[in-house]
Amino acid sequence: MIPPKVEDRMIELLADRAVGTLSMDDARELAGLLREYPELDTDVLDLAAAAVHLAYEQAPLAPLPAHLAARVEAALARADVGRTLVDPGTLRTLPIASAPAAPPHARPVAASVAAAAAPWPPRQVAKLGPVGRARTPWIAYAGWAAAAALFLVSAALFRASHGPGIPLANERARLMAQADSVQTSFAALKDEAAKQAQGDVVWSTREQRGFMRFRGLAANPHDKWVYQLWIFDAAQDDRFPVDGGVFDIEPSTGDVLVPIQAKIRVSNPTQFVVTIERPGGVVVSKRERVAMAGKI
Amino acid sequence: MPMEDSVLARVAIGDASAIKDCLQRFGGLVWALARRLSPSTSDAEDAVQEIFVDVWKSASKFDPDAGSEATFVAMIARRRLIDRIRSRARRKEDPLRDSQDWNDPKDDPRAPRGELAAEAGLAAKALEQLRPEQRKVLLLAVYHGLSHEEIAAQTGMPLGTVKAHARRGLLRVREVLAGEGGRS
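Residues numbered from 1 in each chain as written. Chains lettered and ligands numbered in written order. Predicted model: local features only at pLDDT ≥ 70, side-chain atom pairs only at ≥ 80, totals over all residues. Heavy atoms only, no water.

S.K.: Whenever I open this one, helix α9 (residues 168–177) of chain A confuses me. Can you help?
M.R.: For an α-helix, 3.6 residues make a turn, and residues three or four places apart therefore share a direction. All names here are of chain A. Among all positions of α9, only Leu 168, Glu 171, Arg 172 and Leu 175 are buried. An end-on view of α9 places all buried positions within 100° of arc, on one side of the element. Contacts from the buried residues of α9 go to β1 (181–188), β2 (198–204), β3 (209–215) and β6 (256–259). (Buried < 20%, exposed > 50% of the residue type's maximum accessible area, 1.4 Å probe, protein only. Helix = DSSP H or I, 4+ residues; strand = E, 2+ residues; numbered from the N terminus. Arc of directions from axis to C-beta. Contact = heavy atoms within 4.5 Å.)

What follows is the structure in structure tokens.
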């Protein structure tokens with residue numbers, strides 16, 4: 001809980017940042033406060049300012065000059081961020097077993113030959129982006145929303161985990177071989193969705209990435225509920241586990257690998273818990289439906 | 001927007017074909033923002049390149065519940081442009097900024113035209129609900145990029161009042177947008 005006076009100050013600083021008037025001293029103060037209170041959503045006022053800007057941007061937009069578009073395109077292609085570019089055509093035609101560059105919402109790794117030959121449904125490719133997060137009306141406590149720098153790291157890791165030629169199964173095996181990685185089995189709890197489920201998890205604190213593996217976990221109706229991972233960290237209050245990402249399970253008889261997408265740094269994981277939440281996931285789980293859990 | 005049409009979702013997975021689509025869909029927006037908040041055309045071009053690299057790195061953070069893709073890209077662009085302004089410490093002598101007409105008729109926000117209509121319509125609606133002085137301050141601060149001190153000098157408002165209008169105005173915009181279903 002952020003003390004009201006501190007929250008007011010943070011909002012003031014975030015508003016100054018959103019309109020570009022944050023002084024260096026204030027920027028340092030804000031950084032310190034955000035380290036102390038990372039639960040405050042730092043994007044909301046920046047988004048509001050962006051929306052205001054769009055509202056005033058009334059002139060018809062000139063297209064990007066051709067020379068500049070070419071320059072940007074080249075920069076993206078040669079920059080580090082371009083190294084993990086995926087040719088969607090390749091994604092669609094590679095057998096799943098040999099190229100399980102699967103979506104984070106659990107594309108089966110061990111799939112049938114027929115399934116492997118089938119093209120990726122467009123919907124699944126399109127859903128690879130982050131699943132929307134529930135927000136409270138304005139300055140939502142996004143619980144564990146990543147600070148910008150941390151986010152850039154996680155975004156890069158997210159892309160890396162889906163790059164070409166880095167099958168998820170291989171990545172999982174590589175992580176398991178890391179000296180610092182932790183592993184545990186998931187225990188199925190009483191929820192109906194997990195009654196026939198098995199699973200395990202591997203996590204590398206050094207790389208801040210990991211994978212869950214499931215078999216028999218029920219496919220979820222996307223429009224009704226989703227699975228969400230929570231990572232309990234010894235460095236954090238157990239009331240506020242780290243959001244490990246929202247994911248879907250598609251109908252499958254084989255193993256399903258799900259990359260973990262921790263929203264903030266996990267220092268010392270003690271438990272991984274999968275809950276069932278409303279579509280888009282939640283900021284704070286009421287833990288009303290807990291599917292699986294694994295203690296380190 | 002159907003997820004199939006989400007350029008940012010494709011960017012997030014490193015879909016190479018998304019580069020052209022991303023530039024086509026958001027190039028005009030980013031170019032307009034960069035020209036408005038940069039002191040020269042060459043500086044704006046450098047900014048555009050940096051912004052799209054930022055977009056590429058941050059695409060997986062896009063939250064469709066928090067706003068549209070255009071708003072997200074505009075947020076990334078503004079952050080980069082503000083960083084560049086601060087790093088140059090040129091606020092006072094910025095020739096582009098000094099040439100602006102601060103009594104721009106855009107003081108009265110209208111639903112925007114063209115490709116931004118869908119994204120910015122709600123924001124325009126939110127702005128209409130602000131007090132005139134709050135709207136004026138946001139226009140000068142957000143769109144024209146004036147500092148609080150410059151706004152105080154332009155409008156005759158006390159500095160503290162300018163800060164309060166900016167903060168409360170943004171919060172109010174956010175509230176209205178959230179009330180419209182969380183879309184901005």
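S.K.: Where do I start with the sheet that holds β1(A) in this structure?
M.R.: As a general point, the strands of a sheet are linked pairwise by backbone hydrogen bonds and lie either parallel or antiparallel. All names here are of chain A. The sheet built from eight strands is open, its strands ordered β5-β4-β7-β8-β1-β2-β3-β6 with antiparallel pairing. Strands with a single pairing partner mark the edges of an open sheet, and in this sheet they are β5 (242–247) and β6. With direction set aside, neighbouring strand axes in the sheet form an average angle of 20°. Relative to strand β8 (residues 290–295), β1 is paired through two bridges, and the arrangement is antiparallel. Following the sheet pairing, Ala 188 is matched in β8 by Met 292. The sheet contacts of α9 involve β1, β2, β3 and β6, and relative to β3 the element is tilted by about 115°. (Pairing = 2+ DSSP bridges. Axes fitted to C-alpha atoms, helices over the stretch in contact; angles between N-to-C directions.)

S.K.: For this particular structure, what's the right way to read the confidence of the model for chain B?
M.R.: Interpreting fine coordinate detail is not advised for predicted regions of low pLDDT. On average, residues of chain B score 78 in pLDDT, and 77% of them are at 70 or above. Note that pLDDT drops below 50 for residues 90–113 of chain B; the model gives that stretch 60 contacts with residues more than four away or on any other chain. (pLDDT = per-residue confidence, 0-100.)

S.K.: Explain helix α3 (residues 44–56) of chain A to me, please; I cannot follow it from the model alone.
M.R.: With 13 residues, α3(A) extends 19 Å between its outermost C-alpha atoms, agreeing within 8% with the 18 Å of an ideal straight helix rising 1.5 Å per residue. Within α3(A), 13 of the 13 residues are buried, leaving the element largely enclosed by the surrounding structure. (Expected span 1.5 Å × (residues − 1).)

S.K.: What is the right way to read the environment of Gly281(A) from this model?
M.R.: Residue and element names in this part refer to chain A. Tracing the backbone shows Gly 281 in the loop between β7 (269–277) and β8. Gly 281 sits in the buried class, given a relative accessible area of 0%. Sequence separation between Gly 281 and Leu 229 is 52 residues, and the spatial gap between their C-alpha atoms is 9.6 Å.

S.K.: Just checking my understanding: could you explain the pattern of salt bridges for this structure?
M.R.: In a structure, side chains of opposite charge can pair up when their charged atoms sit close to one another. One pass over the structure, following the stated rule, counts 29 salt bridges over all chains. Ionic pairing is found between Arg167(B) and Glu12(A), a salt bridge with its closest N-O pair at 3.9 Å. With one member in each of two chains, Arg167(B) in helix α9 (residues 159–179) and Glu12(A) in helix α1 (residues 4–18) form a pair that bridges those chains. By relative accessible area, Glu12(A) is classed as partly exposed at 24%. Salt bridges linked by common partners bring Arg9(A), Glu12(A), Asp26(A), Glu29(A) and Arg167(B) together as one network. (Salt bridge = Lys/Arg side-chain N within 4 Å of Asp/Glu carboxyl O.)

S.K.: I tried to follow the packing of helix α7 (residues 132–143) of chain B against α9(B) on my own but got confused; where do I start?
M.R.: Each packed pair of helices is defined by two parameters, the angle between the axes and the distance between the axes. Residues and elements named next belong to chain B. Contact geometry of α7 with α9 gives a least axis separation of 8 Å together with a crossing angle of 95°. In this view, α7 runs roughly perpendicular relative to α9, as classed from their interaxial angle. Only Val 162, His 165, Ala 166, Arg 168, Gly 169, Leu 170 and Val 173 of α9 make contact with α7, whose side of the interface consists of Glu 133, Gln 134, Val 137 and Leu 138. Grouping the amino acids of the contact of α7 with α9 by side-chain chemistry returns six nonpolar, three polar and two charged. (Parallel < 35°, antiparallel > 145°, perpendicular 65-115°, else oblique. Nonpolar A, V, L, I, M, F, W, Y, C, P; charged D, E, K, R; others polar.)

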